[in-house]
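The chain contents come next:
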Amino acid sequence: MKKLLHGISGYLRHTDIFLYLTCMAVTGVGIAALCALANTGYIDTAPGIPFRTALVQLAAAGAGLVGAIILSKIDYHIIGKLWKLHLPLCILLVLLTFIFGEGVGEADDVAWLRLFGGMTLQPTEVLKISFIITFAYHLWKVGPHLNELRHVFFLLLHAGTLILLVHEQGDDGTALIFLLICVSMMFVAGFSWWYIAASGLLVAAAAPVIWLYVMNNDQRGRILALYTQGEAAAAYESFLFQQNRGLIAIGSGQVLGVGLFSGEHSYVPAMRNDFIFSFIGEALGFVGCCGVLLLLGGICIKVLWISHLALDDFGRYICVGVFSMLSFQIIINVGMNLKLLPVVGVTLPFLSAGGTSVMAVWLGIGLVLSVYMHSRKNLFLD
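### Details of the pattern of salt bridges
Summed over all chains, the structure comprises six salt bridges. In this structure, Arg 114 and Glu 102 form a salt bridge, with 2.9 Å as the shortest nitrogen-oxygen distance. A residue pair is termed long-range when its members are at least 10 positions apart, and Arg 114 in strand E1 (residues 113-114) and Glu 102 in the loop between helix H5 (83-100) and E1 qualify at 12 residues. Given a relative accessible area of 28%, Glu 102 falls into the partly exposed group. Among the ionic pairs, Arg 150 bridges to Glu 148, the shortest N-O distance being 3.9 Å.

Following this line, the structure appears as structure tokens:
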């Protein structure tokens with residue numbers, strides 16, 4: 001018992017308690033919101049298990065927390081060297097969704113694998129974490145030769161293959177997050193401004209092709225619905241139903257909200273996952289929304305701060321990758337809920353229902369804590 005307490009004490013001295021507590025607080029808010037949603041009857045329940053979604057979220061968050069603790073104890077250099085194990089496995093799981101994939105809830109894509117006991121796994125969420133590790137490792141190995149043409153080609157091939165795989169699966173929201181993680185990490189690594197300018201021109205040139213031949217009618221409709229004015233806007237009104245309902249819910253919360261378990265909640269499609277922020281806005285009001293955003297912002301800032309403590313660029317790139325994943329998902333999800341951005345199917349970290357999603361976010365935090373616990377700050381601690 002004494003050894004166990006000593007081990008726990010030693011771990012707490014070396015880790016970042018603030019990051020743990022902040023992540024736990026946001027996760028707790030998400031679980032409470034899912035319990036409240038179950039009370040409204042707006043989300044699915046199982047016979048005898050009225051809070052099934054919340055219980056699954058709690059179990060997944062617990063598993064993610066344990067995974068984060070384990071990852072934080074392992075030197076991130078070892079994790080990087082194991083890329084030949086986890087990357088092919090994650091890719092295989094994604095490929096299996098093309099054969100055995102299923103849809104879940106309101107999602108249009110078949111991005112889940114059915115497991116035992118009615119549980120499901122979303123492989124792209126796990127692939128996201130593997131991508132951050134492997135791309136950071138790739139950038140670190142390339143080092144000062146980043147802007148040599150052959151290295152640029154292989155880096156883009158590395159990222160592009162995974163982005164295309166996720167796109168072909170139908171999960172364009174996650175594919176967008178992959179792209180933004182890639183761009184952020186390459187920018188921090190020192191990608192040449194000439195390449196950035198050339199990439200901008202290529203994107204501008206390819207935009208009409210993407211609009212006409214890559215995006216489907218639903219995706220184009222969601223964008224046009226937000227930015228079309230006048231009489232022509234009526235043609236796209238159906239695309240705004242979900243966001244309009246979300247705004248009504250947020251507005252109904254006013255300053256302090258109607259309460260989590262008041263039962264006076266508006267119905268919003270996908271309110272347990274992509275639109276959980278609208279439920280929080282109605283239940284906890286403007287104050288609750290600000291509190292949640294402050295907690296999420298605190299997590300992002302802390303992750304970015306840890307990147308400056310890293311022993312090397314590999315650790316720094318890992319932190320930047322996790323920061324990009326969290327911050328872009330927050331910006332896009334809240335933008336969707338506030339009708340500022342089109343709906344693209346991106347979850348709100350720690351809060352949206354989804355076992356694999358919350359577990360993957362916690363694993364990302366574990367990677368950051370691995371960098372922290374093997375950083376300069378901890379070099380001379382016992």
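Let's pick the thread back up.
### Describing a nonpolar patch on the surface
Together, Met 1, Leu 4, Leu 5, Ile 8, Leu 12, Ile 17, Leu 21 and Met 24 make up a nonpolar patch on the protein surface, roughly 790 Å² of accessible area in all. Mapped by element, the contributors of at least two residues to the nonpolar patch are helix H1 (2-14) and helix H2 (17-40). It is H1 that contributes the most residues to the nonpolar patch, four residues altogether. The topology assignment puts Leu 21 in helix H2. Classification of Leu 21 by relative accessible area gives exposed; the value is 51%.

### Some words on the packing of helix H11 (residues 241-253) against helix H12 (residues 276-307)
The interhelical angle for the contact between H11 and H12, taken along N-to-C directions, is 20°, at an axis separation of 6 Å. Here H12 runs roughly parallel to H11, going by the angle between their axes. For H11 against H12, the interelement crossing comes out left-handed. On the side of H11, the interface is formed by Gly 246, Ala 249, Ile 250, Ser 252 and Gly 253, while H12 contributes Phe 277, Ser 278, Gly 281, Glu 282 and Gly 285. Looking at the contact of H11 with H12 residue by residue, the classes come out as three nonpolar, six polar and one charged.

### Describing the packing of H5 against helix H6 (residues 123-142)
Packed helices, taken two at a time, are described by the angle between their axes plus the distance between the axes. H6 packs onto H5 with a crossing angle of 145° between their chain directions and a minimal axis gap of 9 Å. Like other packed secondary-structure pairs, H5 and H6 cross with a definite hand, here left-handed. Here H5 contributes Trp 83, His 86, Leu 87, Cys 90, Ile 91, Leu 93, Val 94 and Thr 97 to the contact with H6, which in turn contributes Pro 123, Thr 124, Val 126, Leu 127, Ser 130, Ile 133, Thr 134 and Tyr 137. For the contact of H5 with H6, the per-class residue count stands at 11 nonpolar, five polar and no charged.

### Brief notes about the packing of aromatic side chains
Within this structure, the stated rule accounts for 11 aromatic pairs. For the ring pair Phe 191 and Tyr 195, a centre distance of 5.2 Å and an interplane angle of 15° mean the geometry is stacked. With a relative accessible area of 11%, Phe 191 lands in the buried category. Classification of Tyr 195 as partly exposed rests on a relative accessible area of 23%. Ring-pair connections join several aromatic residues into one group, and the members of that group are Tyr 76, Tyr 137, Trp 140 and Phe 314.

### Describing the nonpolar core
In terms of nonpolar packing, the biggest core is built from 94 residues, with Leu 326, Phe 350 and Ile 365 touching the most fellow members. Excluding residues that lie within four positions of it along the chain, Ile 365 makes contacts with Leu 19, Cys 23, Ile 299, Val 303, Leu 326 and Phe 350.

### Considering H2
An ideal rise of 1.5 Å per residue puts 34 Å on 24 residues; H2 measures up with 35 Å between its terminal C-alpha atoms. Where H2 begins, the side chain of Asp 16 points an oxygen toward the backbone nitrogen of Phe 18, at a separation of 3.2 Å.

### Comments concerning unusual backbone geometry
Despite not being glycine, Ala 270 shows a phi value in the positive range, around 60°. As for its placement among the helices and strands, Ala 270 is situated in the loop between H11 and H12. Relative accessible area serves as the criterion here: at 6%, Ala 270 is assigned to the buried category.

### As for the side chain of Asp 274
Locating Asp 274 in the fold gives a position in the loop between H11 and H12. Discounting residues that sit within four places of it in the chain, Asp 274 has contacts with Asn 333, Met 336, Asn 337, Gly 345, Val 346, Thr 347 and Ser 352.

### What about the side chain of Thr 15?
Tracing the chain through its elements places Thr 15 in the loop between H1 and H2. With near-sequence residues (within four places) excluded, Thr 15 lies in contact with Tyr 20, Leu 369, Tyr 372 and Met 373.

Rules used throughout
Residues numbered from 1 in each chain as written. Predicted model: local features only at pLDDT ≥ 70, side-chain atom pairs only at ≥ 80, totals over all residues. Heavy atoms only, no water. Salt bridge = Lys/Arg side-chain N within 4 Å of Asp/Glu carboxyl O. Helix = DSSP H or I, 4+ residues; strand = E, 2+ residues; numbered from the N terminus. Buried < 20%, exposed > 50% of the residue type's maximum accessible area, 1.4 Å probe, protein only. Patch = residues over 30% accessible without salt bridge, like charges linked within 9 Å, V, L, I, M, F, W, Y side chains within 5 Å. Areas by Shrake-Rupley, 256 points an atom, 1.4 Å probe, with all protein chains shown as cover. Axes fitted to C-alpha atoms, helices over the stretch in contact; angles between N-to-C directions. Parallel < 35°, antiparallel > 145°, perpendicular 65-115°, else oblique. Left-handed = near helix turned anticlockwise from the far one by under 90°. Contact = heavy atoms within 4.5 Å. Nonpolar A, V, L, I, M, F, W, Y, C, P; charged D, E, K, R; others polar. Phe/Tyr/Trp six-rings, centres within 6.5 Å; stacked < 30°, edge-to-face > 60°. Core = buried A, V, L, I, M, F, W, Y, C linked by side-chain atoms within 4.5 Å. Expected span 1.5 Å × (residues − 1). Polar contact = N/O pair within 3.5 Å; in protein donor to acceptor, adjacent residues only side chain to side chain.

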